[in-house]
Structures are given as structure tokens and as C-alpha cells.
Amino acid sequence: MDTADLHMHSVQSDGEWSPSRLVKEARREGLRAIALTDHDTTAGLEEAFAAGEAHGVEVIAGVEISTWLDADVHMLAYAFDPASAALVSLFRDARSARRTRAERMVERLTELGKPVSMEAVLEQAGDGAIGRPHVARALLRAGQVGSMREAFDRFLGDGKPACVEKMKVTPEEAVRAVHGAGGVTVAAHPGCYGGVDGLDRLAAAGIDGVEVRHSLHDAGLTERLGDWADQRGLLKTGGSDFHGPGPLSIGGIRVPYEWVEAMMRRVAERRADVRAGGGPC
Ligand code: ZN
Ligand code: FE
Ligand code: FE
């Protein structure tokens, strides 16, 4: 049976392997299709598409988007146009929001008598997404705290004086951007967010489907999520959420290729809607 693994991360976010290596490994595991779903970036897709051509693996455009709905909620997006302006600006906004947040934390630390420079923070972040650990490490480097632990306990932990709230996209914003880019959105690993009970609010945001198969889902939850999607005529997806060598290999969780075909049918319908000027988006 043809199968697909629709969830994995490369070095473009927090994975250990390059996009090409993921594709080669997928080939070795006998997968017909994969989707590369890095966190909040499509930077690895071009390399993955080229490797897919070279190795005979179908590579579907993917991304895992962090959205905010009382808490951090991940959404997966598939089969969109990576060059779409709506999508590019969604991720650019997220990047600039992270930078602005780091600048505000630096300002507060200065007010608190623990000055650290933005340059030092950027140096810690390198090419990656700037976050609190980078601010903490810069503080440690500058000798303002004795340990990372102290940096979080006194200044940067939740509710501490130099902690600045994250600015996040809402599920609605993510859905709108992905639909505008001709793709579909799927609720990632609902097992992390209250299972089936948490799904209705995401359904209201306009998701196209649910990640049914995931290592965090036991057989019972997998079945309930599948029923939930079937009852509403929504897509089912799944994948390994591979980040690097560990207990689960690429393809360690996989789905029938028919689920990919169903996704592509929905994508075609959505694009026809967009061309006709109709549809909810
Ligand atoms: Zn990750
Ligand atoms: Fe996730
Ligand atoms: Fe993931």
C-alpha cells in the first residue's frame, strides 16, 4: 500500500537533518509522499522539492504554524503556494514580532539595572528565531546573572519583570493566509490540546482537517479524531513529527496515500472557489 508521512522538521527549524536527507530517508522507508512541516518557515521547501524530484518521492509543501488561542496551538498547512504574498507576510510578521519582543525585554532589563545589548542577544540567536533563552544566555555572558536558571527565575520566566508576552497569530489569521495561498489547514496533534473537545473552536476558525495519527495519540483518541473528521467531511492527516534520530523514524507514523488524494481534491476545490471569486476566503 502506498503511504505518506505528513509531519517532519528539518534544520530550517528545530530538526537535526537537512531537507534532502529527510527525503532520502523517506525513499529508504518506502514512502510515496512526504510533507516537510518546519515551524513557521517555508525555507526548506525548495531543497526538499529538488530532492524529491531526484529521489522519486512526492514532496508536498508544508509548514507548522504556531498560533495563539489562550495557549500555543500548532496548526499544519499543506499544498499552498510557498511564494504567496499572504503567507510570506504572515511569517515575516512573526519574525519581526519576535525581534520586537526581544527588544522590549532588553529595554526592561536595562531599566532593572541589568543592561544587556541587543547585539549580544542577536549573536546568541544566530540565524534562528529569537526567544527568551537567547536573552538569558546574553545576560549570563554579560555576567549579569550567575546561571540560566537565575535569568529565568528572577527576570525572564512567566510573570517575571522582564518577561514580555509573545505576539502570536490567531488560528483565523493563519487559516486566512493559507487559504489565500491555495492550501489547506489542519489542527496539529489535538492530543496536546484537550483532544476532540478542543477541536470545535478550531473548526470555527475554518480548519480543513485534523492530524489524526501522531505519536502522542493512542488508539482510542486516533479513532475518535478520525470519526470527528469523517462526520464533518474534513481531512485526516498524520505523521511522525520527526525531529531527528530517536525512537520514531521517518514513516514511523504514516497514513494511506488515499488521505493525500483527498487532500489534493480539497485543494483543487478551494482553488476553483478562489478563481470563481466565491467561497469563504
Ligand atoms: Zn519542533
Ligand atoms: Fe507541534
Ligand atoms: Fe511538529
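Please read these numbers as outputs of a predicted model, since none were measured by experiment. (Residues numbered from 1 in each chain as written. Chains lettered and ligands numbered in written order. Predicted model: local features only at pLDDT ≥ 70, side-chain atom pairs only at ≥ 80, totals over all residues. Heavy atoms only, no water.)

> How should I be thinking about the coordination of the iron ion (ligand 2) in this particular structure?
Ideal geometry at a metal gives 109.5 degrees between four tetrahedral donors and either 90 or 180 degrees between six octahedral ones. Ligation of the iron ion (ligand 2) by protein atoms is provided by E64 (OE), H74 (ND1) and H189 (NE2), these donors lying 2.0 to 2.2 Å from the ion. Read in sequence order, the donor residues for the iron ion (ligand 2) give the motif E-x9-H-x114-H. Between the two metal centres, the iron ion (ligand 2) and the zinc ion (ligand 1), the spacing is 5.8 Å. Within this pair, whereas H74 is found in strand 4 (residues 72–78), its partner H189 is found in the loop between strand 5 (184–187) and helix 8 (199–204), the two being separated by 115 residues in sequence. Residue class for H189 comes out buried when judged on its relative accessible area of 5%. (Donors = N, O, S within 2.8 Å, 3.2 Å for Na, K, Ca; no water. Helix = DSSP H or I, 4+ residues; strand = E, 2+ residues; numbered from the N terminus. Buried < 20%, exposed > 50% of the residue type's maximum accessible area, 1.4 Å probe, protein only.)

> Quick question: what am I supposed to make of the packing of helix 3 (residues 85–111) against helix 5 (residues 132–141) here?
In a pair of packed helices, the angle between the axes and the distance between the axes together describe the arrangement. For the pair helix 3 and helix 5, interaxial distance at closest approach is 10 Å and the crossing angle is 35°. In the crossing of helix 3 with helix 5, the sense of the turn from one axis to the other is right-handed. Note on element contacts: helix 5 touches helix 3 through R132, V135 and L139, opposite R101, M105 and L109. (Axes fitted to C-alpha atoms, helices over the stretch in contact; angles between N-to-C directions. Left-handed = near helix turned anticlockwise from the far one by under 90°. Contact = heavy atoms within 4.5 Å.)

> How should I be thinking about the nonpolar core in this particular structure?
One broad rule of soluble globular proteins: the nonpolar side chains tend to lie buried together. By size, the foremost hydrophobic cluster in this structure holds 60 residues, and its most contacted members are L6, I65 and Y78. Setting aside chain neighbours within four positions, we find I65 in contact with D40, V73, H74, M75, A77, L90, F91, V169, A174 and V178. By size, the runner-up hydrophobic cluster in this structure holds 19 residues, among which are A102, V135, V145 and A162. (Core = buried A, V, L, I, M, F, W, Y, C linked by side-chain atoms within 4.5 Å.)

> Help me understand the packing of aromatic side chains in this model?
The geometry of an aromatic ring pair is captured by two quantities: the separation of the ring centres and the angle between the planes. The final tally for this structure, using the stated rule, is one aromatic pair. Positioned above the aromatic ring of W17, the side-chain terminus of R21 is 3.9 Å from the ring centre. Geometry around Y257 places R32 over its ring, the cationic atom sitting 3.7 Å from the centre. (Phe/Tyr/Trp six-rings, centres within 6.5 Å; stacked < 30°, edge-to-face > 60°. Lys NZ or Arg CZ within 6 Å of the ring centre and 35° of its normal.)

> Would you mind showing me how to read the coordination of the iron ion (ligand 3) here?
Those protein atoms acting as donors to the iron ion (ligand 3) are H7 (NE2), H9 (NE2), E64 (OE) and D241 (OD), and they sit at 2.1 to 2.2 Å. Geometry at the iron ion (ligand 3) is irregular, judged from its four donor atoms and the angles of 78 to 163° they form at the metal. Mapping the donors of the iron ion (ligand 3) onto the primary sequence gives the spacing H-x1-H-x54-E-x176-D. A distance of 4.5 Å spans the gap from the iron ion (ligand 3) to the zinc ion (ligand 1). Placement of the pair is H9 in the loop between strand 1 (3–5) and helix 1 (19–28) and D241 in the loop between strand 7 (235–238) and strand 8 (255–256), with a sequence separation of 232 residues. No difference in accessibility class separates H9 from D241, as the two residues are buried. (Tetrahedral: all angles 85-135°; square planar, octahedral: opposite > 155°, others 65-115°.)

> Sorry if this is basic, but what is going on with helix 6 (residues 148–156) here?
Spacing of three or four residues puts side chains on the same side of an α-helix, whose turn is 3.6 residues. Three or more residues of helix 6 are buried, namely A151, F155 and L156. Along helix 6, the residues classed as buried sweep out an arc of 60° about the axis, all on the same side. Tucked into the core, helix 6 has its buried residues touching helix 3 and helix 5. (Arc of directions from axis to C-beta.)

> Can you walk me through the pattern of salt bridges in this structure?
Pairing of side chains with opposite charge becomes possible as their charged atoms draw close. Within the structure shown, the criterion is met by eleven salt bridges. A salt bridge links E150 to R154; the shortest N-O distance between them is 2.6 Å. Pair noted here: E150 and R154 are both in helix 6, with a separation of four residues, about one helical turn. The salt bridge involving R270 is made with D208; its shortest N-O contact spans 2.3 Å. A residue pair is termed long-range when its members are at least 10 positions apart, and R270 in helix 10 (residues 257–276) and D208 in the loop between helix 8 and strand 6 (209–213) qualify at 62 residues. The same class applies to R270 and to D208, which are both buried. Put simply, D208, R266 and R270 are held in one network by salt bridges that share partners. (Salt bridge = Lys/Arg side-chain N within 4 Å of Asp/Glu carboxyl O.)

> Before we go on, may I ask you to explain the packing of helix 1 against helix 2 (residues 45–55) in this structure?
Where helix 1 meets helix 2, the axes come as close as 8 Å, and the angle between the chain directions of the two elements is 35°. Judged by the twist between their axes, the crossing of helix 1 over helix 2 is right-handed. In contact with P19, S20, V23, K24 and R27 of helix 1, helix 2 contributes E47, A48, A51, G52 and H55. A per-class count over the contact of helix 1 with helix 2 returns four nonpolar, three polar and three charged. (Nonpolar A, V, L, I, M, F, W, Y, C, P; charged D, E, K, R; others polar.)

> Could you clarify how one ought to interpret the pairing of strand 4 in this entry?
The two faces of the sheet receive side chains in turn, since in a regular strand these alternate between them. Judged by how many residues are buried, strand 4 sits mostly within the fold: six of seven residues are covered. With seven bridges joining them, strand 3 (residues 58–68) and strand 4 adopt antiparallel strand pairing. Each residue of the ladder has a partner; that of G62, found in strand 4, is Y78. In sequence, strand 3 turns back onto strand 4 through a hairpin of three residues, with D70 there showing a positive phi of about 70°. Judged from the four bridges that link them, strand 4 and strand 5 form a sheet pairing that is antiparallel. Paired with A77 across the two strands is T185, which belongs to strand 5. (Pairing = 2+ DSSP bridges.)

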